[in-house]
Amino acid sequence: MICVKVNGRQETLPENYTIAQLLSQKELDASYVVVQLNLEIIERSLLSVTTLNEGDQLEIVKFLGGG
Amino acid sequence: MSFAQHMESYDEQKCWQLLESTDSNKVRMLLTKASLSPADFLLLLSPAAEAVLEPMAQKARQLTIKHFGRNILLYTPLYLSNYCVNHCLYCQFHAGKKIAREQLSLDEVEAEGKSIAATGIRHLLLLTGESCAHATSAYLSDCLRKLHPYFASLGLEIYTLSTAEYAQMIQAGAESLTLYQETYRQESYAQLHLSGPKRDYFNRLNAAERACQAGMRRINIGALFGLAPWRQEAFWAGIHAYYLQKQYPATEIAISLPRIRSSQEGFTVPCPVSDKELVQILLAFRLFLPQAGITISTRERAELRDNLLPLGVTTMSVGSKTTVGGYFAGEKKGSQQFPVADERSIGEIKEMIRRQGYQPVMKDWPNMAVAKKTEAKK
Amino acid sequence: MGKDLLAIGNSLIASRLFLGTGKIPLPKMKQVIEAAGTQVVTVALRRVDFDRRDENILDFIPDGTIIMPNTSGARTAAEAIRLAHLARAGGCGDWVKIEVIPDQKYLLPDNFETLKATEQLVKDGFTVLPYMSPDLVVAKSLEAAGAAAVMPLGAPIGTNRGLKMKELINIIIEECHVPVIVDAGIGRPSHAAEAMEMGASAVLLNTAIATADDSVAMALAFRLAVESGRIAYLAGMGGETGYARASSPLTGFLD
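The model shown is predicted, which means the values in this text are computed figures rather than measured ones.

The next thing to look at is the nonpolar core. Met56(B), Tyr184(B), Phe235(B) and Phe285(B) are the most contacted members of the largest nonpolar core, which has 125 residues in total. Top element by residues in this core is helix H12 (residues 230-247) of chain B. It accounts for 10 residues. Setting aside anything within four residues of it in sequence, one finds Phe285(B) in contact with Phe41(B), Phe225(B), Ala234(B), Ala237(B), Gly238(B), Ile255(B), Ser256(B), Leu257(B) and Ile294(B). Residues Val32(C), Ile81(C), Ala139(C) and Leu163(C) belong to the second largest nonpolar core, which totals 65 residues.

Once that is clear, we can look at helix H5 (residues 53-68) of chain B. Residue and element names in this part refer to chain B. With 16 residues, H5 should reach 22 Å at 1.5 Å per residue; the first-to-last C-alpha distance of 21 Å fits that figure. Among the residues of H5, those classed as buried are Leu53, Glu54, Pro55, Met56, Ala57, Gln58, Lys59, Ala60, Leu63 and Thr64. Next to the buried residues of H5 lie helix H3 (24-30), helix H4 (38-44) and helix H13 (275-288). Of the residues trailing H5, glycine 69 is marked for its positive phi of about 70 degrees.

Looking now at the packing of H12(B) against H13(B). Residues and elements named next belong to chain B. Look at H12 against H13: their axes get within 11 Å of each other, and the N-to-C directions meet at 25 degrees. The orientation of H12 relative to H13 falls into the category roughly parallel. Pair H12 / H13 crosses with right-handed handedness. Two secondary-structure elements touch here, H12 through Trp230, Arg231, Ala234, Ala237, Gly238, Ile239 and Tyr242 and H13 through Glu277, Gln280, Ile281, Phe285 and Phe288.

Residue and element names in this part refer to chain B. For the coordinates displayed, the defined rule picks out 28 salt bridges over all chains. Across the pair glutamate 187 and arginine 185 runs a salt bridge whose closest N-O atoms are separated by 3.7 Å. In this structure arginine 185 comes out as partly exposed when scored by relative accessible area, which is 32%. Across the pair glutamate 351 and arginine 355 runs a salt bridge, and its minimum N-O distance is 4.0 Å. Residue glutamate 351 and its partner arginine 355 are located together in helix H15 (residues 346-355), separated by 4 residues, close to a single helical turn. Put simply, Glu175, Arg217, Arg218 and Glu252 are held in one network by salt bridges that share partners.

Bringing the packing of aromatic side chains into the picture now. Evaluation of the coordinates by the stated rule reveals 14 aromatic pairs over all chains. Centre to centre, the rings of Trp16(B) and Trp236(B) are 6.2 Å apart; their planes meet at 85 degrees, and the pair counts as edge-to-face. Here Trp16(B) is found in helix H2 (residues 12-21), whereas its partner Trp236(B) is found in helix H12, with 220 residues between them in sequence. Taken individually, Trp16(B) and Trp236(B) each receive the classification buried, so the pair is uniform in this respect. Each residue in the set Tyr10(B), Trp16(B), Phe41(B), Phe235(B), Trp236(B), Tyr242(B), Phe285(B) and Phe288(B) is aromatic and connected to the rest through ring pairs, giving one cluster. Lying across the ring of Phe126(C), Arg88(C) places its NZ or CZ 3.9 Å from the centre.

Calculation notes
- Residues numbered from 1 in each chain as written.
- Chains lettered and ligands numbered in written order.
- Predicted model: local features only at pLDDT ≥ 70, side-chain atom pairs only at ≥ 80, totals over all residues.
- Heavy atoms only, no water.
- Core = buried A, V, L, I, M, F, W, Y, C linked by side-chain atoms within 4.5 Å.
- Buried < 20%, exposed > 50% of the residue type's maximum accessible area, 1.4 Å probe, protein only.
- Helix = DSSP H or I, 4+ residues; strand = E, 2+ residues; numbered from the N terminus.
- Contact = heavy atoms within 4.5 Å.
- Expected span 1.5 Å × (residues − 1).
- Axes fitted to C-alpha atoms, helices over the stretch in contact; angles between N-to-C directions.
- Parallel < 35°, antiparallel > 145°, perpendicular 65-115°, else oblique.
- Left-handed = near helix turned anticlockwise from the far one by under 90°.
- Salt bridge = Lys/Arg side-chain N within 4 Å of Asp/Glu carboxyl O.
- Phe/Tyr/Trp six-rings, centres within 6.5 Å; stacked < 30°, edge-to-face > 60°.
- Lys NZ or Arg CZ within 6 Å of the ring centre and 35° of its normal.

Shown next as structure tokens:
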């Protein structure tokens, strides 16, 4: 198991877990969110091939109403 | 973007059509607007605006007092050199003229400067012809440095320079640049400038901009009225000033209305401008560019200058000699670049200005170098 | 009258009413946007909250609408730049409204950081529309940095107080070549009309529509006000200030 930080919260995840797997665990549609891994934006096409490592910091953001 | 490119964004055909098709009521309406667009400015130059000159004059006077107070800044020109390689048909100093060529030595420059400063004048305009063998930029820098202690402001009216050379002039003490396009009409420009570097229309057109980029504090532009149809010339000169004001907010933009008269030696003015037309140009400039300084030189006769003063003028030349030197050494230095029509002394001009309820101003800008020196002496 | 289109970046826009989507209930979103005739809407970017199951706002915005993410939440240029890049990765194009607000009491923007962010994001290929306090020098600097428009505030965000900054905005409209969009403070249709009469290129508003009892009707009211103000501006309004006639003529010498 590995420890990663997702949107500021500690999460324990299996090894070799991809970002796409994490998104579907969270019931998030990948086409509606933007993912930043250790301050680097991950292109959507790479989400299913990018695996998470111990200590990674992940930010998942989405659009909402704003002025 | 350069001004040359900016000019292309106007449809000239359409502009000149608009000039002819407006009516005086439209012009009258413009006088109630808080600020005018280039299209409005065009209408002020129309034949229809002739019927509205008096209301235009009232508004112009009011605007000028609002932005400048009742002040008229006085300056004097000093010709440093009449060597010139350009052949400009209208100029008495052009390369083809058989005249005595003179260039002041640095000592003579200082002597002339002292003589002028003794009259109370603190704004000096330095002029030369274009000749890389004579009035070089190094020579001009030296002249500026020599004169700097005696004057609050030194201006240049010389051939065009590069941005780096303008910066060099500023370093040496130049505070302002006067540079007339002569004519904005390319065709006329080509016909009037037969040879020499000045033949390059676009180089001259973009030079004011280079001076702005170099950090020149004031730029004075204009057309030499009489060389081409005046409505079009005035329009482009106004648009040029407007463009520079917008593009270079740190530079003070001023505009002049020099008018060429037929010379003794056979140059016939192609498109003469009457007094009334000159007034219309002056009023249109003032209404369109409320913050721009406007200069009337001693090319104009005394009586006319007195009448133009309250219509938007902020700057006047005075005690002008258009020979090389001429203040200290007398008139021995040969021929004039153009005839001076208002030969009144500084004292007489000051008196006239006061009589009209205005204040003659000898300096409106402190030369810090001089201030420091005086301070140090105490 | 020919088509009066507003050019921003590579787009030509017919509607001069830009709409913020904050506080508008999602089910009403489409109706409000259509009633306003809006072609440009702003959205914000936030961390996903795993404890809530929100619907996706993009599903409620009609196709063809230009989406302009803002950088709200940013307190520095660096944060705004990061948010802008995240937003672009969200796949809604390259427009961004820069909003850098360190002041949490009045929500006034930091013009200096806004300028820094603008310089960088223009280099990064964004169509940048900075929100700013109306200041001519800053507006000209933003323009020189390559901003696609400048968006001075009419009054502090959300106050509905109208064009309190009118004089300063007027100067920016006079002097800037890029479109000037009045953003924030517009509370009533008459405020929007006033901004357009002055020569603003567009207005951006949110609260006034979002918090109306009937947002759809209010959206329509603003649409009409913006159109009316624009038409009046184009028609060329007569000025109000007369000028005094001096007793003696100034041009008598010409006769």
